Amino acid sequence: MNIKMPDFDVKKFVKDAGSTLSRVVQLTEEKLGTSEKTEMDRHFEHLSERSDCARTWTEKIVRDTEAALIPNPANRVEDFIFEKIEKQKPKRLSNLEYLGLDMIEGGGEFGQDGAYGSALIKVGQAEQKLGSCERDFIGSAGMCFIQPLKKFLEGEMKTITKEKGILESKRLDLDACKNRVRKARSMLGQQTKDGISPEAVLDQAERDLRVAQSEFDRQAEITKLLLEGISTTQATHLRHLHALVESQVRYYGQCNKIMNDLQRELASMRPPTPRLRVNSEDVDLTSGPPYLSPSQNQLSVQLLTQGSNSPNSNQHWQQQTITLHTMAEEGPKPVPASFPIVDDSVIAELVANSDPNDISVL
């Protein structure tokens, strides 16, 4: 059985190893301050700083947007893993949808005919609608904003980082060649141990320097063109930002409509007339007597009434108390406890200027 061995270029391997060693030596000498370093022009340095700034802040914006859309870090990790393996995010209910389900089930247990049970069901249905809108918003924001920014980081920025790394390697090779040329020039007129003339060594070093300079200039031009393209990507990112804002406006508009509709439905379920709670029972004040049970001979009712009748003035509440008495006649004859001395018009007037939610029995 013949096994084909992969081709292995020994010369290329030795050359690459020598270049790597030369770069390490050059970088070490630069750190120690014993070797000169080729500096880029100010325009190139400015472009490089702008690209680093763009990468840093884009990464932060992507992370913060993902955290705002999906606050649970475990869910974000799960989404990342599923995207890498199955190319799609897992489907899960939101917290609002879970809340809505529990409210609907609880309302069914309390009874749909009761005020509390029916209100729970309506609120639960609204929470489910909010959860559905939230899920749609998360998907829309991911498509129109997060994914384009990630594509920029994984595409253009990764290419720029790679080309800048190649440029740095070419720069180290160039500076190493410059150091060899300076060393060869300093050895002119001296005897070499290997028998090679210093002029030949200098000639070879200068040829290497010209090649290194040419490669460095070409790589610098490539990298510069890529860096200049950063300004055009910002215009694209601005459109994606507008799309995110439009998606948010649409989402919050839907939520506002859902909650306004829910508020109107709950308001329609409230009793239409003012009511008084007596002995844990609601009493309709507009239906007339009796207000008192046979076992009571008086009843004190505390009302909070408006202090000003002017519609333009600041309304404040004043506490007023009225006492209802049963009619009592002399003699042993029992008296029906059905008719209070206080006229109904008095109570109606007080109730009309009172807050129904703040009526209490003393």
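No experiment lies behind these values; they were computed from the predicted model shown.

Basis of the calculations
Every chain is numbered on its own, with residues counted from 1 as its sequence reads. Side-chain atom pairs in this predicted model are given and counted only at pLDDT of 80 or more, local residue features only at pLDDT of at least 70, and totals for whole chains, interfaces and linings cover all residues. No hydrogens and no water enter the side-chain calculation; it runs on all heavy atoms of the structure. Patches here: salt-bridge-free residues with over 30% relative accessible area, like charges joined within 9 Å, nonpolar side chains (Val, Leu, Ile, Met, Phe, Trp, Tyr) joined within 5 Å. Using a 1.4 Å probe, accessible areas were evaluated by the Shrake-Rupley method; residue-level cover was limited to the displayed protein chains. Salt bridge, as used here, is a side-chain nitrogen of Lys or Arg placed within 4 Å of a carboxyl oxygen of Asp or Glu. For helices the rule is a DSSP run of H or I covering at least 4 residues; for strands it is a run of E covering at least 2, with both sets numbered from the N terminus onward. Remark: nonpolar core denotes a set of buried residues (Ala, Val, Leu, Ile, Met, Phe, Trp, Tyr, Cys) joined through side-chain atoms within 4.5 Å. Throughout, exposure labels follow a simple rule: accessible area from a 1.4 Å probe, protein chains only, divided by the maximum for the residue type, with under 20% read as buried, over 50% as exposed, and the rest as partly exposed. In what follows, residue pairs with any heavy atoms lying within 4.5 Å of each other are defined as contacts. We define a polar contact as two N or O atoms separated by no more than 3.5 Å, with the added condition that, inside protein, one atom must be a possible hydrogen donor and the other a possible acceptor, whereas residues neighbouring each other in sequence contribute only through side-chain atom pairs.

Draft legend 1. Quick look at a nonpolar patch on the surface. Side chains of Val 77, Phe 80, Ile 81 and Ile 85 sit close together on the surface and give an oily, nonpolar patch of about 400 Å² of accessible area. Topologically, Val 77 is positioned in helix H3 (residues 73–85).

Draft legend 2. Inspection of the nonpolar core at higher detail. Counting 41 residues, the largest nonpolar core has Met 40, Leu 69, Phe 145, Met 157, Leu 167 and Ile 230 as the members making the most contacts within it. At the level of secondary structure, the elements contributing two or more residues to this core comprise helix H2 (42–69), helix H5 (115–186), helix H6 (198–228) and helix H7 (230–268). When residues in this core are grouped by element, the largest group, 20 residues, is from H5. When near neighbours in sequence (up to four residues on either side) are disregarded, Ile 230 contacts Ser 51, Ala 54, Phe 152, Met 157 and Ile 160.

Draft legend 3. Spatial organisation of the pattern of salt bridges. All chains considered together, the criterion is met by 12 salt bridges. The salt bridge partner of Lys 150 is Glu 66, with a shortest N-O separation of 2.6 Å. Taken together, the residues Lys 150 in helix H5 and Glu 66 in helix H2 connect sequence positions 84 residues apart. Via salt bridges that share partners, Asp 52, Arg 55 and Lys 164 belong to a single interconnected network.

Draft legend 4. Quick peek at the side chain of Ser 118. For Ser 118, the position within the fold is in helix H5. By relative accessible area, which is 15% here, Ser 118 ends up buried. Here the side chain of Ser 118 touches Gly 114 through a polar contact of 2.9 Å, landing on its backbone oxygen. Of note is the side chain of Ser 118, whose polar atom sits 3.0 Å from the backbone oxygen of Ala 115. In this view, Ser 118 contacts Gly 111, Gln 112 and Met 269; residues no more than four positions away in its chain are not counted.

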